Amino acid sequence: MLNKLIATLVASVMMISSAFAVDYSGKTVTMWIPFKAGGGSDTWARALAPILSKSLPGNPSVVVKNVTEGKAIGASNKYFAEHGKDKDGIVVFGTSGSVQLPFIFKDKRVRYRYKDMYPVFASGTGGVVYVRSDSGVKDIIKDFNKIKSSKLVYGSQGKTSLDAVPILAFDMLGMDTKVVYGMKGRKGGRAAILRGETTIDYQTTASYLKHVKPLVGKGEMVPLMTWGALKDGKVVRDPNFPNLPSFPEVYEKVTGKKFKGTEAKAWTAMFTAGFATQKYIMLPKSAKSSVKKAWTKAAANIVNDPSAMKVINKKLGKYDQVTGKALKPALKKATSIDSASNKFLQAWKAKK
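In this text, all values refer to a predicted model and were calculated from it rather than measured experimentally.

Please clarify how the overall build of the protein chain should be interpreted in this entry.
Of regular secondary structure, the protein chain possesses 14 helices and 13 strands. A globule of 352 residues ought to have a C-alpha radius of gyration of about 20 Å, and the protein chain, at 22 Å, matches this closely. The principal-axis extents of the C-alpha atoms in the protein chain amount to approximately 90 × 40 × 40 Å. Here the protein chain, with 352 residues, has 53% of them falling under the buried criterion. Partitioning the contacts of the protein chain with sequence separation of at least 6, the portion at a separation of at least 24 is 76%. Here the protein chain carries 58 positive and 25 negative side-chain charges, and the mean point of each set is 4 Å from the other.

What's the story with the pattern of salt bridges in this structure? I'm lost.
Side-chain pairing between opposite charges can occur once the charged atoms of the two side chains come close. Throughout the structure, instances matching the rule amount to 13 salt bridges. With a shortest N-O distance of 2.7 Å, Arg46 and Asp42 are connected by a salt bridge. With a gap of 4 residues between them, Arg46 and Asp42 both fall in helix 2 (residues 40-55), about one helical turn apart. Linking Glu249 and Arg237 is a salt bridge whose minimum nitrogen-to-oxygen distance equals 2.8 Å.

Hey, could you run me through the packing of helix 2 against helix 11 (residues 289-303) in this one?
Two packed helices can be described by the angle between their axes and the distance between those axes. The N-to-C vectors of helix 2 and helix 11 enclose an angle of 115°; their axes lie 9 Å apart at closest approach. Here helix 2 lies roughly perpendicular to helix 11, going by the angle between them. As helix 2 runs across helix 11, the sense of the crossing is right-handed. Along the contact surface, helix 2 presents Ile51, Leu52 and Ser55, while helix 11 presents Trp295, Ala298, Asn301 and Ile302. In terms of residue class, the contact of helix 2 with helix 11 is built from 5 nonpolar, 2 polar and no charged.

Mind showing me how you'd approach a positive patch on the surface here?
A cluster of basic residues, Lys36, Lys71, Lys184 and Lys187, forms a positive patch on the protein surface. Structurally, the position occupied by Lys184 is in the loop between strand 7 (177-181) and helix 7 (186-194). Judged by its relative accessible area of 42%, Lys184 is partly exposed.

Please clarify how unusual backbone geometry should be interpreted in this entry.
Most peptide bonds take the trans configuration, and most residues that are not glycine carry a negative phi. Residue Lys106 is not a glycine yet carries a positive backbone phi of 55°. You can see Lys106 is positioned in the loop between helix 4 (97-104) and strand 4 (117-123). Although it is not a glycine, Asp232 sits at a positive phi angle of roughly 55°. Inspection of the secondary structure puts Asp232 in the loop between strand 10 (229-231) and strand 11 (234-236).

Please clarify how the pairing of strand 2 (residues 61-66) should be interpreted in this entry.
Within a regular beta strand, the side chains point alternately toward one face of the sheet and then the other, so they alternate between its two faces. Examined bridge by bridge, strand 1 (residues 28-33) and strand 2 share 6 bridges and lie parallel to one another. Bridge assignment links Met31 to a residue of strand 2, and that residue is Val64. With helix 2 bridging strand 1 and its parallel neighbour strand 2, the resulting β-α-β unit is right-handed.

Here is what the cut-offs are and how they apply
- Residues numbered from 1 in each chain as written.
- Predicted model: local features only at pLDDT ≥ 70, side-chain atom pairs only at ≥ 80, totals over all residues.
- Heavy atoms only, no water.
- Helix = DSSP H or I, 4+ residues; strand = E, 2+ residues; numbered from the N terminus.
- Rg over C-alpha atoms; globule rule 2.2 N^0.38 Å.
- Buried < 20%, exposed > 50% of the residue type's maximum accessible area, 1.4 Å probe, protein only.
- Contact = heavy atoms within 4.5 Å.
- Lys, Arg positive; Asp, Glu negative; His and termini not counted.
- Charge placed at Lys NZ, Arg CZ, Asp CG, Glu CD.
- Salt bridge = Lys/Arg side-chain N within 4 Å of Asp/Glu carboxyl O.
- Axes fitted to C-alpha atoms, helices over the stretch in contact; angles between N-to-C directions.
- Parallel < 35°, antiparallel > 145°, perpendicular 65-115°, else oblique.
- Left-handed = near helix turned anticlockwise from the far one by under 90°.
- Nonpolar A, V, L, I, M, F, W, Y, C, P; charged D, E, K, R; others polar.
- Patch = residues over 30% accessible without salt bridge, like charges linked within 9 Å, V, L, I, M, F, W, Y side chains within 5 Å.
- Areas by Shrake-Rupley, 256 points an atom, 1.4 Å probe, with all protein chains shown as cover.
- Pairing = 2+ DSSP bridges.
- Right-handed = clockwise from strand over helix to strand, strands pointing away.

Rendered as C-alpha cells:
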C-alpha cells in the first residue's frame, strides 16, 4: 500500500515537472537584432544561433531577425512594445553598445528600460580603426603627422550611439574629423569607406574579422589601432590584435601626455560601458522562471563546451563570455557611468 502511494506521488511530481518543463522541440526561436545584417551585432548573433540551437532544450531552430525601423533606438523600442510581456522566450532581444549608450545618455527617444530585461548571456568585444590604403598611412604613430594634417570623414550612427567612443578618441588625438551622421549601423560605415565617401572607420572585432581583414589582406585597407581590452580596470592591448597599439597607447605616443585626466576617464568609462560586455541576450523580465532557468542553463552549457567556445573565439575573438551570477554586475557597468564622466560627456556631446 505504501509503495503504491509513493509511486503515485512520484508520478504526480513527474507530471507536474513535465508540465512546467521548457521544451522548444519543433519551434523557432528568434533573436531580435536592432541593426542591419552584416554588422557586428548581426555577425555575433549569427555565430551564436546554431550554438544556441544545440544548447536550448528541444534543439529549436534559432533565426536572426534584423529590425532597422527607427534605427537602433526605434527598433529596440519596437521589441519591447511588441514582445516586452512575452513569457516563453520565443523572441529574445540582442542589445549592444549603441543601445546601451543612448540609455546612459538619457536620449529622449529611448523607451526601453534595462530593469525590464533579464540577461542570460553576454559577450565582450573590441574594435579596430582602419583607413583606406590610398591614404598613404601605414602606421598611425609613425605617420601621425600625415593623419593629423588630413581632413578625415567618419560615418556615424548617431550622437548618442557607440560612435561616441571613436569620435571622442579622434578629438583627443587632435584629428580633423568631419562626422557624417545617418549610418544605419557599422555596416553603413563600412560601406561608406569602401565607396570612398568616408576616409576612416572602425568595426567591432567580429565584423572586422569577417569583413575588413580580407580587405587588409588584399591591400585595400590598413588597420591603425584598436580600442584595447579591459584588464584589471585598465585599457591594454587587445590580445586578438597584439601587433596593433591600443588607443591609450597611441594617445601617449603622439601627444607626449599620460592617458589620464577628465577626458581619459570619460573615454574609459564609455569604453567600459560599450565594449567590456557589449552584447547581451535578453529575455523580457516577465518571462516565466522555468524559461529563465532554461536559458541560463543553455548559456552555461555554451561556455563549458570547448567546441562551442572554439567557434566563438574564431568568429568573435577571444573575449569574456559572461553567464550566471556575473551577468548582473556586468550589466550595471554596461548601462551606467560615473557622474563626473557623464557631466563631461553631456557637455562634450552638446558642443560637438
